[in-house]
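Close look at the chain arrangement
Given next are the chains, with one letter for each unit.
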Amino acid sequence: MALEITDASFEEVVLKSDKPVLVDFWAAWCGPCRMVSPIVDEISSEYEGKAVVGKVDVDANQEFAAKYGVRNIPTVLIFKNGEVVDKQVGAAPKKAYTDKIDAAL
């Protein structure tokens, strides 16, 4: 399962990570988010030890969604060394996400 990332844990989990981080910005009411969620969970187990995979509920945690200009969900951001290196807005096939993580490894 992907990590549940909050505004309080974002800096520690995402920005200070020594591994690439995939962050899925989502909300419970968002249909496409529900399609992406199982994909993100799969990626989380497949990349365990190689990358950090987490989710931010934008309804409960708006600080970093606003900071990174997340206006549409789902939005997946790939971080490396605390910087955004790639992004995917809207639902996409699993390979779209894994290709982005692989590029950051």
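None of the values given here were measured: they were computed from a predicted structure. (Residues numbered from 1 in each chain as written. Predicted model: local features only at pLDDT ≥ 70, side-chain atom pairs only at ≥ 80, totals over all residues. Heavy atoms only, no water.)

**Regarding the pattern of salt bridges**
The line we're drawing: The salt bridge definition used is simple: a Lys or Arg side-chain nitrogen within 4 Å of an Asp or Glu carboxyl oxygen. Labels follow the DSSP assignment, with helices taken as runs of H or I lasting at least four residues and strands as runs of E lasting at least two, numbered in each case from the N terminus. Burial classes: relative accessible area under 20% of the type maximum marks a residue as buried, over 50% as exposed, and values in between as partly exposed (1.4 Å probe, protein chains only).
On inspection of all chains with the given rule, the structure shows six salt bridges. Here Asp41 ties to Lys55 by a salt bridge, and the two come within 3.3 Å at their closest N and O atoms. Of the two residues, Asp41 sits in helix H2 (residues 31–46) while Lys55 sits in strand E3 (residues 52–57), which places them 14 residues apart along the sequence. Of the two residues, Asp41 and Lys55, both sit in the buried class. A salt bridge links Lys100 to Asp86; the nearest nitrogen and oxygen atoms lie 3.4 Å apart. Of this pair, Lys100 sits in helix H4 (residues 94–104) while Asp86 sits in strand E5 (residues 83–89), and the two are 14 residues apart along the sequence. Residue Asp86 is classed as partly exposed on the basis of its relative accessible area of 26%. One salt-bridge network, held together by shared partners, links Glu42, Glu46 and Lys94.

**Observations concerning the UniProt feature "active site" (unreviewed entry) in the chain**
To keep things clear, this is the line we draw: UniProt positions are given in the numbering used here, feature names are shortened, and annotations may be inferred rather than shown by experiment. The criterion used for residue contact is that any of the two residues' heavy atoms lie within 4.5 Å.
As recorded in UniProt, the feature "active site" (unreviewed entry) lies at Cys30 and Cys33. According to the relative accessible area criterion, Cys30 is buried, its value standing at 4%. Beyond its immediate stretch of four places on either side in the chain, Cys30 contacts Ile73 and Pro74. In this view, Cys33 contacts Trp26, Ala27, Ile73 and Pro74; residues no more than four positions away in its chain are not counted.

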